[in-house]
Amino acid sequence: MKAIVYHEYGSPDVLKLEEVQRPTPADNQLLIKVHAASINRSDWEGLTGKPLYARFGGLLKPNNRILGSDIAGTVEAVGKDVKQFKPGDEVFGLLLNYGGGFAEYACTSGNAFTLKPPGMTFEEAAAIPQAAFIALQGIRAKGQVQPGQKVLINGAGGGTGTFAIQLAKLAGAEVTGVDNAEKLDLMRSLGADHVIDHTMEDFTKNGQQYDLILDVIADRSIFAYKRALKPNGSYFMVGGSVATMFQSLLLGPWIRRRTGKKISILMVQTDPKDLVHITELIETGKVVTVIDKRYSLSDTAEALRYLGEGHAKGKVVITMEQNNKT
Ligand SMILES: NC(=O)c1ccc[n+]([C@@H]2O[C@H](COP(=O)([O-])OP(=O)(O)OC[C@H]3O[C@@H](n4cnc5c(N)ncnc54)[C@H](OP(=O)(O)O)[C@@H]3O)[C@@H](O)[C@H]2O)c1
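For every chain, the first residue of its written sequence is number 1, and the numbers climb from 1 along that sequence. Reporting of local features is limited, given that this is a predicted model, to residues whose pLDDT is at least 70; pairs of side-chain atoms are given and counted only at 80 or more, and all residues count toward the totals for whole chains, interfaces and linings. Calculated side-chain values reflect all of the structure's heavy atoms, with hydrogen atoms and water omitted.

Peer 1: Sorry, what's going on with the packing of aromatic side chains here?
Peer 2: Aromatic ring pairs are described here by two measures, namely the spacing of the ring centres and the angle between the planes. Stacked, tilted and edge-to-face pairs are distinguished by plane angle, under 30 degrees for stacked and over 60 for edge-to-face with tilted covering the rest, among Phe, Tyr and Trp rings (Trp via its six-membered ring) whose centres lie within 6.5 Å. Throughout the structure, instances matching the rule amount to 4 aromatic pairs. Between Y295 and Y306, the aromatic rings sit 6.4 Å apart at their centres with planes inclined by 55°, giving tilted as the arrangement. One end of the pair, Y295, is in strand β14 (residues 291–296); the other, Y306, is in helix α9 (residues 300–308), with 11 residues separating them in the sequence. Think of it in three bands: residues with accessible area under 20% of the maximum for their type are buried, residues over 50% are exposed, and the middle band is partly exposed, with areas taken using a 1.4 Å probe on protein chains only. The buried category is assigned to Y306, whose relative accessible area is 14%. The helix and strand labels rest on DSSP assignments: H or I over at least four residues marks a helix, E over at least two residues marks a strand, and numbering proceeds from the N terminus.

This is how it looks when you write it as structure tokens:
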């Protein structure tokens, strides 16, 4: 099968379209014929090896040679222990090792997968998993946003952020989205009450305070985030700098004891029920999936470059050439 393979960390130039062996499902796995995959910042991090946590699976060279965690496709075969899916099912979800998706076929336990509704395209389904898991947990399960609360989403114009804005508005919050200038209109169109261009204004220094900050792109000291939280407010770091991560782990509990402000890392759970839930919200028109651009598998390097250079508004999707009818 064809796959986008890399053997060293680097720029998109290290990605090559190669012929590799099709994976074989273990007894507890399904083999999926991939129709569409989507790009997440985790793919960019896995490609560049930055931040350092992106090298978890290989300090000097990537162990996982194929990136891509979010896919939608058709079940081709199942191992003997798989009960919840059968060949022919149209499914979508997240590959739990955060790799293997930029290929014509992928194997998975299916533990973070669900059936794709017939009315949803493979492209739209592929754009959902990782971003929706994070947004649902950040805003609902952990964030527990209540009507009238002030919520700030840092990195709100990307994959996670575009879902998070909509979920926070559905919960009745007053929402501030922070991203670069290219994405301000998009954030407004999704319901953000206030938007901030991070290159022009530092939201931790403008005197505003929030009940919840969901931070996709943590790049400041946690003392800056503490300043931007209301008493008893919560800050959740989803991704970003390793220094901020360590500060959250080491100093978060101390800050909470002293001030009541909760600063922590959101460790995302991948319960397929969340995929069912977000699908219902999409099918009933309460939430929309924002797909900025589509690329073919052979152009995956360009797709990653587009995201890495800061242009992607919402999601970027890869469509397999051999079956790009969705
Ligand atoms: N905690 C967990 O369990 C877990 C699980 C999975 C993934 N993750 C992490 O979650 C993150 C998910 O990101 P995603 O896929 O939603 O990313 P994304 O689609 O790239 O969105 C991030 C957005 O933030 C913007 N941005 C960049 N620098 C900024 C700054 N200084 N201030 C404000 N906004 C800024 C980006 O704009 P530009 O285009 O200009 O860069 C982009 O629009 C990744 O870091 C991933 O590793 C965490």
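Peer 1: Looking at this structure, how should I read the layout of surface pockets?
Peer 2: Which parts of space are left empty comes out when a probe the size of a water molecule is rolled across the atoms. Empty space within the second largest pocket amounts to approximately 190 Å³. Grid spacing is 1 Å over the protein atoms alone, the probe is 1.4 Å, and a cavity is where that probe fits but cannot get out, while a pocket is an open set with protein on both sides within 12 Å along at least five of seven lines and lining residues have an atom within 4 Å of a point. If you go around the second largest pocket, you meet 14 residues; those closest to its centre are L95, N97, G99, G100 and C107. Grid points are joined across faces, edges and corners, and a volume is the space filled by probe spheres set on the points.

Peer 1: What exactly am I supposed to notice about the side chain of Q166 here?
Peer 2: Locating Q166 in the fold gives a position in helix α4 (residues 159–170). Look at Q166 and you get buried, because its relative accessible area is 6%. Polar contacts, as used here, are pairs of N or O atoms within 3.5 Å; protein pairs need one atom able to donate a hydrogen and one able to accept it. Residues neighboring in sequence count only if both atoms are side-chain atoms. Only 2.7 Å separates the side chain of Q166 from the backbone nitrogen of V288, close enough to count as a polar contact. Contacts of Q166, omitting those with residues within four sequence positions, involve L190, K286, V287 and V288. Throughout, a residue-residue contact means that at least one pair of heavy atoms, one from each residue, lies within 4.5 Å.

Peer 1: Could you clarify how one ought to interpret the site of the ligand in this entry?
Peer 2: Lining the immediate surroundings of the ligand are 27 residues, of which E45, D179, N180, K183 and L266 lie closest. Between G159 and the ligand, the recorded distance is 2.7 Å, taken from a backbone N or O atom to an oxygen atom. In this structure, T160 approaches the ligand through a side-chain N or O atom, which is 2.7 Å from an oxygen atom. Throughout, the Shrake-Rupley method with a 1.4 Å probe supplies accessible areas, and for residues the shown protein chains are the sole cover considered. Protein chains shield 89% of the accessible area of the ligand, which is 940 Å² for the free molecule. Looking at the shell around the ligand, the elements that each hand over two or more residues are α1 (41–48), α3 (129–141), α4 and β9 (174–179). Being near a molecule or strand, for a residue, means having at least one of its heavy atoms within 4 Å of it.

Peer 1: Please explain the packing of α1 against α9 as it appears in this structure.
Peer 2: Under this scheme, a helix contributes an axis fitted over its contacting stretch, all axes are lines through C-alpha atoms, and angles between N-to-C directions fall in the 0 to 180 degree range. Two elements in contact, α1 and α9, have axes whose closest approach is 10 Å; the angle formed by their N-to-C orientations is 105°. Taken together, the axis directions place α1 and α9 in an arrangement best described as roughly perpendicular. Seen from α1, the contacting residues are R41, D43, W44 and L47; seen from α9, they are L304, R305, L307 and G308. Here the residues of the contact of α1 with α9 sort into 4 nonpolar, 1 polar and 3 charged. The scheme is simple: roughly parallel for angles under 35 degrees, roughly antiparallel for over 145, roughly perpendicular for 65 to 115, oblique for anything else. As a working rule, the residues Ala, Val, Leu, Ile, Met, Phe, Trp, Tyr, Cys and Pro are called nonpolar, Asp, Glu, Lys and Arg charged, and the rest polar, with Gly in that last group.

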